[in-house]
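Examining the three-dimensional arrangement
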Amino acid sequence: MIIDAGSMDSRSLNAAIKGLKHNGSIELNNVNGQRYICVGVSGRKVEINGTPGNDLAAFSSDVDINVNGNAQDGVANTLRSGRIVIHGSVGDVLGYSMQGGNVFVRDNVGYRAGIHMKEYLDNKPVIVIGGNAGDFMGEYMAGGTILLLNLDGNHIGNFIGTGIHAGSIFIRGDFNPYQLGKGVVMVEPDASDLEKLEVYVREFCSRFNLDPDRVMEQGFTKLMPQSSRPYGKLYS
Amino acid sequence: MCSISGIINTDGTPIPGDVIIKSIASMHDRSNGLGGGFAGYGIYPGYKDLYAFHLTFTDPEAKQRTEEVLKNCVMIHKDESIPTEDNPEGAPIFWRYFIEVPEKVQEFEEDFVVDLVMKINSNINGACVISSGKDMGIFKGVGYPEDIGRFYRIDEYSAHMWTAHGRFPTNTHGSWEGAHPFGLLDWSVVHNGEISSYGINRRYIETFGYGLNQGTDTEVVTYLVDMLIRKHKLSFDQAATVLAPPFWDEIERLDDRELVKKLRIIYSSAQLNGPFSIIIGHRNGMVGLNDRTKLRPMTVGRFNGTVMMASEECAIRAVSPDVEEILYPRGGEPVIIDLEEHVTS
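Values in this document were obtained by computation on a predicted structure and should not be read as measured data. (Residues numbered from 1 in each chain as written. Chains lettered and ligands numbered in written order. Predicted model: local features only at pLDDT ≥ 70, side-chain atom pairs only at ≥ 80, totals over all residues. Heavy atoms only, no water.)

1. Quick look at the sheet that holds strand β5 (residues 82-86) of chain A
Sheet strands pair via backbone hydrogen bonds, and the direction of the pair is either parallel or antiparallel. All names here are of chain A. Judged by pairing direction, the sheet is mixed, and its 11 strands sit side by side in the order β1-β2-β3-β4-β5-β6-β7-β8-β9-β11-β10 without closing on themselves. One side of each edge strand has no neighbouring strand; the edge strands of this open sheet are β1 (2-4) and β10 (184-187). Strand after strand, the sheet turns through a mean of 15° between neighbouring axes, direction not considered. With five bridges joining them, strand β3 (residues 45-51) and strand β4 (residues 63-68) adopt parallel strand pairing. Considered in β4, the bridge of Asn-49 is made with Asn-68. Most of the contacts of helix α2 (residues 191-208) go to strand β6 (residues 102-105), to which it runs at about 55°, and overall it touches β5, β6, β7 (126-129), β8 (142-148), β9 (166-172) and β11 (220-225). (Pairing = 2+ DSSP bridges. Helix = DSSP H or I, 4+ residues; strand = E, 2+ residues; numbered from the N terminus. Axes fitted to C-alpha atoms, helices over the stretch in contact; angles between N-to-C directions. Contact = heavy atoms within 4.5 Å.)

2. Some remarks on the sheet that holds strand β4 (residues 51-57) of chain B
All names here are of chain B. The antiparallel open sheet is built from four strands, whose spatial order is β5-β6-β4-β7. With one partner strand each, in any of the chains shown, β5 (75-81) and β7 (127-131) form the two edges of the open sheet. Between one strand axis and the next, the sheet turns through 30° on average, direction left out of account. Where β5 lies against strand β6 (residues 93-100), six bridges are found, and the strand directions are antiparallel. Residue pairing for β6: Glu-80 is matched across the bridge by Arg-96. Across the sheet, helix α3 (residues 109-123) is in contact with β4, β6 and β7; its angle to β4 comes to roughly 5°.

3. Structural notes on the environment of Leu-116 of chain B
Residue and element names in this part refer to chain B. Locating Leu-116 in the fold gives a position in helix α3. Leu-116 sits 79 residues away from Gly-37 along the chain, and the two C-alpha atoms are 23 Å apart. Residues contacting Leu-116, with those up to four places away along its chain left out, are Phe-53, Val-69, Leu-70, Cys-73, Val-74 and Ile-99.

4. Some remarks on the packing of aromatic side chains
A full pass over the atoms with the stated rule returns 17 aromatic pairs over all chains. Pairing Phe-104 of chain A with Phe-204 of chain A gives two aromatic rings, centres 6.5 Å apart and planes at 45°, and the pair type is tilted. Of the two residues, Phe-104 of chain A sits in strand β6 while Phe-204 of chain A sits in helix α2, which places them 100 residues apart along the sequence. The burial state of Phe-104 of chain A is the same as that of Phe-204 of chain A; both residues are buried. Judged by centre distance (4.9 Å) and plane angle (90°), the ring pair of Tyr-44 of chain B and Phe-98 of chain B falls under edge-to-face. (Phe/Tyr/Trp six-rings, centres within 6.5 Å; stacked < 30°, edge-to-face > 60°. Buried < 20%, exposed > 50% of the residue type's maximum accessible area, 1.4 Å probe, protein only.)

5. Looking at the interface of chain A and chain B
Contact with chain A, which involves 20 residues of that partner, is made by 20 residues of chain B. Both sides together, the interface formed by chain A and chain B hides about 1,700 Å², and carbon and sulfur atoms give 42% of it. On the chain A side of the interface with chain B, the three residues burying the most area are Asn-32, Arg-35 and Tyr-111 of chain A, jointly 29% of the side's total. The residue Glu-312 of chain B makes a salt bridge to Arg-35 of chain A at a minimum N-O spacing of 2.9 Å. Across the chain A-chain B interface, the total number found is 13 residue pairs in polar contact (both at pLDDT 80 or more). Class assignment for the residues of the side of chain A that touches chain B results in five nonpolar, 10 polar and five charged. (Buried area = accessible area lost by both parts, 1.4 Å probe. Salt bridge = Lys/Arg side-chain N within 4 Å of Asp/Glu carboxyl O. Polar contact = N/O pair within 3.5 Å; in protein donor to acceptor, adjacent residues only side chain to side chain. Nonpolar A, V, L, I, M, F, W, Y, C, P; charged D, E, K, R; others polar.)

6. Considering the state of the cysteines
Here the structure, examined in full by the defined rule, presents zero disulfides over all chains. Considering cysteine sulfurs only, Cys-314 of chain B is the nearest to Cys-38 of chain A, which forms no disulfide, with 17 Å between them. For Cys-73 of chain B, which is in no disulfide, the shortest distance to another cysteine sulfur is to Cys-128 of chain B and amounts to 17 Å. (Disulfide = S-S within 2.5 Å.)

7. Comments concerning a nonpolar patch on the surface
Residue and element names in this part refer to chain A. Together, Tyr-140, Tyr-231, Leu-234 and Tyr-235 make up a nonpolar patch on the protein surface, roughly 510 Å² of accessible area in all. With respect to the helices, strands and loops of the structure, Tyr-140 is situated in the loop between β7 and β8. We classify Tyr-140 as partly exposed; its relative accessible area is 33%. (Patch = residues over 30% accessible without salt bridge, like charges linked within 9 Å, V, L, I, M, F, W, Y side chains within 5 Å. Areas by Shrake-Rupley, 256 points an atom, 1.4 Å probe, with all protein chains shown as cover.)

8. A few points about a negative patch on the surface
Side chains of Asp-18, Glu-85, Asp-86 and Asp-155 of chain B sit close together on the surface and give a patch of like negative charge. Tracing the backbone shows Asp-18 of chain B in helix α1 (residues 17-25). (Lys, Arg positive; Asp, Glu negative; His and termini not counted. Charge placed at Lys NZ, Arg CZ, Asp CG, Glu CD.)

9. Comments concerning the nonpolar core
The biggest cluster of nonpolar side chains holds 57 residues, and the ones touching the most others in it are Phe-53, Leu-228 and Tyr-267 of chain B. Among the elements that make up this core, the one with the highest residue count is helix α6 (residues 217-231) of chain B (eight residues). If sequence neighbours within four positions are ignored, Tyr-267 of chain B has contacts with Tyr-204, Met-227, Leu-228, His-232, Leu-234 and Val-242 of chain B. Ala-5, Val-46, Ile-48 and Val-67 of chain A belong to the second largest nonpolar core, which has 48 residues in total. (Core = buried A, V, L, I, M, F, W, Y, C linked by side-chain atoms within 4.5 Å.)

Here is the structure:
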């Protein structure tokens, strides 16, 4: 099923997606800035050509979304499960409050990627970023995993993991300790960590046609919260 | 929420007005119909040495009183109604004046014009100078930006640079005068966000003789820009450091830390706190700036000799679907497009 989104606003595009009777895959062409694409949708495979607007796949579950291009702010806002692959860069607040599912971004992400993402039992969200990230990556993080591959070796953002109280961030390559937020500790990833992140690196590389062994050649640093209640004594 | 967009042709070639309408209209969902506006540069080539005053009047008496003031101190070469579609209910009278300042004040003519604008805006009830620069003009009002664009027949103008705004007012009511862009001389400012340091900034700028009449944070930003760059001769980079300074520990890691420290200390009351993304227009170009923790969006696109800045990438792709380069400026990192530099380099 192909939908030409060229002349549609956010509301009519989302109504068209929700109104589809069959469960097959959808291709959206000429997308430019329409918001909330696939909001609350469950079990859809969607190919997006163009630039989807803010809050792509918000609150959706079990989706399989492929974006051929950049996406804007708020991708995977409170995503419940499924997979989103971006063949380009995304704007700010990627994966805001994400509860599950995987997001793969080929290039760069803006500020506050993974802000307040969380996990519960088997719902463990994962974000893999090929390029670099703006400031406040993993801010108030409450679960899940962020992998920053920084394949171009650029200067990454500051205040990484500010307010983190659960979950983990893996950064490939070098950075300065001053770039970390307060209450974040650096450790060497152990064997089980490496095993886990290699699975995601391999999936990332297969999606974007990269050599996973070369990506794994460079070491990773694991970032973890110092405390599960970093602000527990703020007002006491 | 608000939307902002700006487009500039670095070789100075004109851009038809419908281009900027198309860009800002693509972000329709960011505004709520309570304000929209445009600033065009290079739109009055036939009068480019005269100050183009755009005014709104709530009643004919305000117009008459303003004209008495103008006739007393400047020479009006031409005045006319600003062409619009049928005026909606509640819309003011729109009039523009092309004026020359008297020879005896030409040494400090910009100060003279600023004083005149402040005088009209503060003293004449029902009159408001919307813009007061040479070869530029601001068109704004209550409505969605694309509707305001059609209302002012923006498609009939061409400019080498446009900025636009779609408003979603949160702290002040939606009014014709309070819509963006805000202007003074050839400065214009469109703004998405809210300046929580408004009170401090306002009290500070008032001590330099600026009168705040709209009570909105964007007005204060416009006057700060005029003071820092025109009066105090700061560069755009330095002015950006004043408005959105790096954090203290970051300053310690800078090569020019002594200068940055001084700017932060001297101009501490000009620092803007709170979330913002702004586009500043002026006679020689355009500057985009975010707050230092980037709590509002800004995307930059380049194609051929054109640069665009906008709240969302779609506003760039609405104009150039295959834009060559998309950039995401960092918080506090100004994007400076200087036409003089382009001309000389």
